Amino acid sequence: MKKIFLSLATLLLTATLSARTMQETIDAFVGYPDCSHATMGVAVGDVTTGELLASHAYEETVITASTMKTVTSSAALNYLGADFRFKTPVYAVGELKGNKLKGDIVIVGQGDPTLGSHYFPANANIVMQVVQALKQMGIKKIDGKVRIDTTLYKFPPYNGDWAADDLAWDYGMGVHALNYSDNRIMARFTVDNGQVKDAVFTPNVPGLRIVNRLRMGSDDVKPLLEYGTPALVLGGSATNKAYEYRISNPTPHVLLADSLTRTLKANGIKVKGKDNAVNAKFASAKQTILVHESPTVAEIITSLLERSDNMFAESLLRAIAVNTGMEGNDPNGVQAVKKLWEDNGIATDGLFMFDGSGLARINKATPHFFIDMLTLMSKKQFSGATLASLMPRVGINARIGSKLPTSQLSGRVAVKSGSMRDVQCYVGYYPADAPKYAFVVLVNNWNCTRATLKDRIDDLLLGLFGDQQ
């Protein structure tokens, strides 16, 4: 009995010393002079006991940036499941007569963010799927057109709390009922004495144009996206040179319809493109050609967390809304996410969530909320997957400072980073394979370089977990 008592006493003393050391490490981190004006929230919790071990400003609301993606991803695992796949149906609408379709090919958008995605090259290509299916049906002529049903989500495709100057860039893509090719294209043009020449979009998007609002001066072009026209509006100033930008595609459904039409023709299937090809008698006739399936939600989350893909995250948020019986928009998705946490006993008064990706700067959360969410998610499995197993790993694919990847923590920390102007944040688990600790580091408005801050966060994590080997 005496030995058992001593062993328990030793364990309690070790835990106390560990918590004290963690608090001292956090105090040292937040005490850097370069962070004297920063808004900071830091916390470490034991996910096995639910105990808060150490913290700074535990109830402070701090801008989260892309760490908000862990909130959306966690909710998607709970609501949709790790094995959920987006299903996009393709129909022949009209009269099938011999080798001719007197009607249209109709693709009904279901919010799949991965159609034609460069990040899932092994997944079936919907364009070639349709071509092969029509060949098997013996169809050689289509009187009508390729049409896209985009009614699942209402206009606009972007979040109203995003900054207008984010929308044109390749991280500010909108979320459409029909997304295609990651909703990104290349824009190339030359400026010659204020005139825009040789403008090319790759791939070409029919109907997309450039509106020139440039003035000559410094090299400071400010692209803006006009969804209603649609157009790429070039503002700011430019010099005489060639420009190249990867931008958001405002009409991905147009790109898919054009790509499929051209591919059908290249494969010997004529598409006449008549507007009224469907005879009224057969207007309601519909035959399923195929149903395209996306990768699983677990695979989508793995990709979006590693690359911090805003469009993928927003697509999951809207899918959550739809799958809980609401209209597919961000406010409804956020409502469902908050209800999930509240139903699981997690207070959401410290969660100020307005989108699924963290691109809106008004998104904020407390370390308290993140620790509670991460602790809950550490206890849940979804078809064998956990949040930790889907998160990036230090030293493998995580965005972190320069020290951790070559340290003893390499491969052993699961972490999601988030950054934007004056924002640097991390949330994650240690050890990654069997989490014992959850951690949160949220920093806004520091005075050193970002690289220096990231290295200091590396030192913080080494101080917290380096002796926990």
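Bear in mind that the values here come from a model prediction, so they are computed numbers and not experimental data.

Visitor: Is there a simple way to explain the sheet that holds strand β14 (residues 242-248) in this structure?
Guide: The strands that make up a sheet are held in pairs by hydrogen bonds between backbone atoms, and each pair lies either parallel or antiparallel. Strand order across the open sheet formed by three strands is β9-β8-β14, with antiparallel pairing between neighbours. Strands at the two margins of the open sheet, each flanked by one partner only, are β9 (195-202) and β14. Strand-to-strand twist across the sheet, computed as the mean angle between neighbouring axes with direction ignored, equals 20°. Relative to β14, strand β8 (residues 184-192) runs antiparallel, the two being bridged by seven bridges. Residue pairing across strands places Thr 190 opposite Ala 242, the latter belonging to β14.

Visitor: Teacher, can you tell me more about helix α6 (residues 310-323) here?
Guide: Residues separated by three or four positions in an α-helix point in the same direction, a consequence of the helix having 3.6 residues per turn. Between its first and last C-alpha atoms α6 spans 20 Å; for 14 residues at 1.5 Å apiece the expected length is 20 Å, and the two agree. Listed in full, the buried residues belonging to α6 are Asn 310, Met 311, Phe 312, Ala 313, Glu 314, Ser 315, Leu 316, Leu 317, Arg 318, Ala 319, Ile 320 and Ala 321. The inward-facing, buried residues of α6 contact α2 (68-79), α5 (297-307) and α7 (330-343). Where α6 begins, one side-chain oxygen reaches toward the backbone nitrogen of Met 311, 3.0 Å away; that side chain belongs to Asp 309. Residue Gly 325 follows α6 closely and has a positive phi angle near 85°.

Visitor: Would you take a moment to explain the pattern of salt bridges for this structure?
Guide: Considering all chains together, one arrives at 19 salt bridges under this definition. Between Arg 307 and Asp 309 there is a salt bridge, and its shortest N-O distance comes to 2.9 Å. Accessibility classification places Arg 307 together with Asp 309 in one group, the buried group. A salt bridge links Lys 403 to Asp 459; its shortest N-O distance comes to 3.0 Å. Here Asp 459 lies in helix α10 (residues 450-465) and Lys 403 lies in the loop between α9 (387-390) and β19 (414-420), a separation of 56 residues in the sequence. With a relative accessible area of 35%, Lys 403 lands in the partly exposed category.

What counts and how
Residues numbered from 1 in each chain as written. Predicted model: local features only at pLDDT ≥ 70, side-chain atom pairs only at ≥ 80, totals over all residues. Heavy atoms only, no water. Pairing = 2+ DSSP bridges. Helix = DSSP H or I, 4+ residues; strand = E, 2+ residues; numbered from the N terminus. Axes fitted to C-alpha atoms, helices over the stretch in contact; angles between N-to-C directions. Expected span 1.5 Å × (residues − 1). Buried < 20%, exposed > 50% of the residue type's maximum accessible area, 1.4 Å probe, protein only. Contact = heavy atoms within 4.5 Å. Polar contact = N/O pair within 3.5 Å; in protein donor to acceptor, adjacent residues only side chain to side chain. Salt bridge = Lys/Arg side-chain N within 4 Å of Asp/Glu carboxyl O.

Function cannot be read off these values alone, since they describe shape.
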